[in-house]
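Listed here are the chains, written in short residue letters.
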Amino acid sequence: MIGGNENDCMKMVLQQTRMWAKKCLNVGNGKRVAGTGSLCSVFLKCKQTVVALKELTLYLKQDMPDNATKRTSTVAFISLWTFATVIVAGVMFIGGEIAPTPWTQITVRGTKCVESPVNGWYFSEGKHSCLNDFDSTGIKTTSHADNIYYTFQVPQVKGSSVSGFSRWQWRLYGVLRLRLLLNDGHLSRHSNSLVLKSRLGYISDDDPYNPTLIDTNYQKRKLYCSFIEKHKFDGETYNCSPQVVFVLYSLYHDRYLINMMIPHHRDDTNEWINRNFGRVKDAYISFFSQAGWYTVMLVSLQTIFLPILAVVLWRFRKCVSDLERPPTHLECVLALLAVAITIMNCPLEFVALIVNYPWLIVVNDIRHNFFYASFMTFFLYLTDKHLKPGVSCPHAKEAINMSIRIGNLAILIVDIIEHIVIILHPLAVTFESMHFSMSMLFFSMLGCYLTCITVRTCSALTAIIKKGLVHEEETRCQEMVVLIITWICFFMTAADFIIKRLHDGMWMWDYRLGELEIKNTGGYQLGVYCMWNVFTCVLLVVYTPLRKPPQPQGSLEMARVVGVPLQTRQSPSFVDLRVTTL
C-alpha cells in the first residue's frame, strides 16, 4: 500500500479497545474499576466485545485511506508505467521528425526608400516597390536622414514558395539587426541609444497597396555595437546587438509590412535624437514565428487527451465519493492536478483559427501557472506522506507551500503584464532588462525548489526502505517507483520551463549571454506535454480506491465501540483516535 503507518495505527486502536474491554469485563464480574463509570455500559457482555473487536479489525482493513497501490498487482503496475513510457517516447520521436523545432525564422534585408509613399506606405515588392540598391540613385546622404525609410515585407513574394503566414503559427516576433558603415577600418560614431520611428500593418490580397495600420510608435532601444566583437546569427555577423521591434500574438493575416526610419528629429516631443549614432550600412529584421506543424501536433495531443483524462478523472472522483470516509489530502491534490491538466487540454487554439484572438497568450499563462502550482503541490504531499511529521523540519511543508504560491504568482503577474502591454501596443518598448532579470530570478527559485524537493524525495525513499517487514516488499517497491518517476517528470518539466523561457528571450539576450540559439527542441517539448497527461492518467488509475465490499449482517455500530476512528484526518498516515462517552 502507498504510505502511512496502517499497521501501527491498527495495533494502537486494538490495544486501546482491548484495554477498555478488560475493564468492562471486570465490572461485569462485580469488580469496581476506577475511571470506567458509564463508559463500560456497552461492554457488560463479553460476547458483544468479541464481536466488536472482530468487526473493528475488518473495518480498519477495509477503510484505511491509503491502500490504493496495494490493490494494484505488480503486473498491472509495471504494464501501466511501461505503456506510458512507450507513449511518451513515441510522441517525442514523432514530434522530432514532424516538428524538430517549435520556431521558424526568416531574415529580410530592409529596402531603402526615398520616394514619395503610396497611401502613406513604402513597399519592397510590386509595381510600387522602392529601389533595392540605394547607392544606384546617386543620392549622397547619410543613412539615418529623415527622408530615408527601411521597408520590410514578410513573407516575401519573389523567390518564395510561401503564399503567406498560416494561422497555425500563432506568434510573430520581429528582431532588428544592424550593420554599421565602416570608416577607415573603424566604426563610425555610435551611441548606446537608438530611437526608431516604426509603422506596422498587414496586407490583404484584395488591396495589396493599401495596408491596414496595426500600430505606429517611436521606440527607444539600447544598443551594444562593436566592430571587434560581432554578433552572429544564422551564419551571418552583425555589429550591433539584436533588438525586438514588434511582437504579434495572433497571425490572423497572411502578410505584414513594416516601415522604419532612424530620424534626427522627433515630431511628438520636438527634440533632436540619434545625433551620435553614426551611419547604418544595412538593416535586417529576423522574423520568428511558431512552427505550424508544432502547433498542429500540440493541438492534436490536447484533443486526444481531453476526453481520456476527463473520463479517468470522473471515475476517480466517483470511487472516492463512494467511500464512507472523506478524501485524503493526497487524493485532493491529485484531483487538483488532474483538473489543471484537463483545463490545459481544452483546445482553445481553435478559436485563433476563426477570429483574431491575441488574448489567448494570457489564457495560456493562467493555465500553465495553475498546472505548475498543482504539480509542485502534489509532489510535496507525495513526499510528505512518507515522512513522519516534525522529524526533519516541522515547518518545512508550510514554507515550501508558501514559496510555491509566491513563485507562481510572481511569474503569472510578470507574464500577464508584459503580454497585455504587447497586445495593446505591438510596437511598444519591450522589457529586455526586466525580462532578463526576472527570468534569472525565476531560474534561481526553481533551482532552490528542485534542491529541496530532491532532498525530501531521498528522505522519503529512505523512510520507505526502513519500513522493513511491516509492509510487503511488493508494496514498498511500488511506492519507490512512483516517487522516482514523479521526480523524473518534475525535472523534465523544469527543463521544459527553462527552454521555453530561453526561447522567448534568446533573441534579446545576445549582448548578455553571447550567441544563444536553441534548436531541435520541438520533440522534447511535445513529449513533455504528453508526459504530463500520461503521468496524471496513470496516477489516477493507481490511486483510485476500490469500492468497499458489502458489510456482513452483524455490521459494526460505530457509536457503540470505544476507540473506533470516528474522524480520519486528511493526512493519509495518521488516524485520529477519539474516545466517546455515551
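Located above this text is the structure these notes cover.
Residues numbered from 1 in each chain as written. Predicted model: local features only at pLDDT ≥ 70, side-chain atom pairs only at ≥ 80, totals over all residues. Heavy atoms only, no water.

### Quick look at a negative patch on the surface
On the surface, D205, D206, D207 and D254 cluster together into a negatively charged patch. One can find D205 in the loop between β7 (193–203) and β8 (212–222). (Patch = residues over 30% accessible without salt bridge, like charges linked within 9 Å, V, L, I, M, F, W, Y side chains within 5 Å. Areas by Shrake-Rupley, 256 points an atom, 1.4 Å probe, with all protein chains shown as cover. Salt bridge = Lys/Arg side-chain N within 4 Å of Asp/Glu carboxyl O. Lys, Arg positive; Asp, Glu negative; His and termini not counted. Charge placed at Lys NZ, Arg CZ, Asp CG, Glu CD. Helix = DSSP H or I, 4+ residues; strand = E, 2+ residues; numbered from the N terminus.)

### Quick look at helix α4 (residues 292–321)
Residue pairs spaced three or four apart in an α-helix point in one direction, given the helix's 3.6 residues per turn. Its 30 residues give α4 an end-to-end C-alpha distance of 43 Å, which sits within 8% of 44 Å, the value for a rise of 1.5 Å per residue. Along α4, the sharpest change in direction is near 30° and occurs at F305; proline P307 comes one to four residues later. (Expected span 1.5 Å × (residues − 1). Bend = angle between axes of the 7 residues up to and from the residue.)

### Examining unusual backbone geometry
Cis geometry marks the peptide bond from V154 to P155, where omega comes out at -10°. Relative to the helices and strands, P155 resides in the loop between β3 (149–154) and β4 (172–180). Phi angles above zero are rare outside glycine, and N119 is one such case at about 55°. As for its position among the elements, N119 is in the loop between β2 (111–113) and β3. Backbone geometry at W170 places phi at a positive 65°, although glycine is not the residue there. Counting through the fold element by element, W170 comes out in the loop between β3 and β4. Look at W170 and you get buried, because its relative accessible area is 11%. (Buried < 20%, exposed > 50% of the residue type's maximum accessible area, 1.4 Å probe, protein only.)

### Here we look at the sheet that holds strand β1 (residues 103–109)
The four strands lie next to each other as β1-β15-β4-β11, forming an open sheet whose pairing is antiparallel. Sheet topology places β1 and β11 (243–248) at the edges, where each strand pairs with a single neighbour. When strand polarity is set aside, the average angle formed by the axes of neighbouring strands in this sheet is 20°. Alignment of β1 against strand β15 (residues 280–290), held across seven bridges, turns out to be antiparallel. Within the sheet, the bridge partner assigned to T107 lies in β15 and is S286. (Pairing = 2+ DSSP bridges. Axes fitted to C-alpha atoms, helices over the stretch in contact; angles between N-to-C directions.)

### Structural notes on the packing of helix α5 (residues 329–345) against helix α7 (residues 360–384)
Two numbers describe how α5 lies on α7: the axes approach to 9 Å, and their chain directions differ by 155°. Taken together, the axes of α5 and α7 are roughly antiparallel relative to one another. Here α5 and α7 pass one another in a crossing that is left-handed. Facing H329, L330, V333, L334, L336, L337, A340, I341, I343 and M344 of α5, the residues of α7 in contact are R367, H368, F370, F371, S374, F375, T377, F378, Y381 and L382. Of the residues assigned to the contact of α5 with α7, the class counts are 15 nonpolar, four polar and one charged. (Parallel < 35°, antiparallel > 145°, perpendicular 65-115°, else oblique. Left-handed = near helix turned anticlockwise from the far one by under 90°. Contact = heavy atoms within 4.5 Å. Nonpolar A, V, L, I, M, F, W, Y, C, P; charged D, E, K, R; others polar.)

### Focus on the pairing of β15
Burial analysis of β15 places ten of its eleven residues in the buried class, which makes it a mostly covered element. The pairing of β4 with β15 spans nine bridges and is antiparallel. Among the inter-strand pairings, R179 is bridged to a residue of β15, identified as D282.

### A look at the sheet that holds β3
What the five strands build is an open sheet, ordered β2-β3-β12-β7-β8; its pairing is antiparallel. At either end of the open sheet lies a strand with only one pairing partner, and these are β2 and β8. Direction aside, neighbouring strands of the sheet carry axes that sit 25° apart on average. Taken together, the seven bridges between β7 and strand β12 (residues 255–261) define a ladder with antiparallel strand orientation. Residue pairing for β12: I203 is matched across the bridge by R255.

### What to know about the packing of α7 against helix α10 (residues 473–505)
Two elements in contact, α7 and α10, have axes separated by 11 Å at closest approach and are oriented at 150°. Comparing their axes, α10 and α7 come out roughly antiparallel. Both α7 and α10 take part in a crossing whose hand is left-handed. Contact residues: H368, Y372, F375, M376, F378, F379, L382 and T383 in α7; V482, L483, T486, W487, C489, F490, T493, D496, F497 and K500 in α10. In terms of residue class, the contact of α7 with α10 is built from twelve nonpolar, four polar and two charged.

### So, the nonpolar core
Residues F371, F378, W532 and Y543 are the most contacted members of the largest nonpolar core, which totals 75 residues. Of all the secondary-structure elements, those providing two or more residues to this core are α3 (74–98), α4, α5, α7, α8 (396–424), α9 (432–465), α10 and α12 (522–542). Beyond its immediate chain neighbours, meaning those up to four positions away, W532 contacts I341, M344, F371, Y372, T493, D496 and K500. Counting residues in each nonpolar core, the second largest holds 28 residues, with Y150, V154, L196 and V245 among its members. (Core = buried A, V, L, I, M, F, W, Y, C linked by side-chain atoms within 4.5 Å.)

### A few points about the pairing of β11
For β11, a buried count of six out of six residues is recorded, marking the element as mostly surrounded by other parts of the structure. Of the strand pairs in this sheet, β4 and β11 are connected by five bridges, and their pairing is antiparallel. Residue pairing across strands places G174 opposite F246, the latter belonging to β11.

### Observations concerning the state of the cysteines
Within this structure, the stated rule accounts for zero disulfides. In this structure C448 is a free cysteine whose sulfur lies 9.2 Å from that of C452, the closest cysteine sulfur available. Among the cysteines around C530, which has no disulfide bond, C537 carries the closest sulfur, lying 9.5 Å off. Since its relative accessible area comes to 0%, C530 is described here as buried. (Disulfide = S-S within 2.5 Å.)

### Points about the packing of aromatic side chains
Under the counting rule described, the total for this entry stands at 20 aromatic pairs. Ring centres 6.4 Å apart and planes at 70° place the aromatic pair F77 and W81 in the edge-to-face group. With a gap of four residues between them, F77 and W81 both fall in helix α3, about one helical turn apart. Like W81, F77 is buried. Taking the centre distance of 6.1 Å and the plane angle of 50° together, the rings of F165 and Y256 count as tilted. Pair noted here: F165 is in the loop between β3 and β4 and Y256 is in strand β12, with a separation of 91 residues, a long-range link. Judged by relative accessible area, F165 falls into the buried class, the value being 7%. (Phe/Tyr/Trp six-rings, centres within 6.5 Å; stacked < 30°, edge-to-face > 60°.)

### Quick notes on the side chain of Q525
Relative to the helices and strands, Q525 resides in helix α12. Discounting residues that sit within four places of it in the chain, Q525 has contacts with P102, Y294, D496, I499, K500 and H503.

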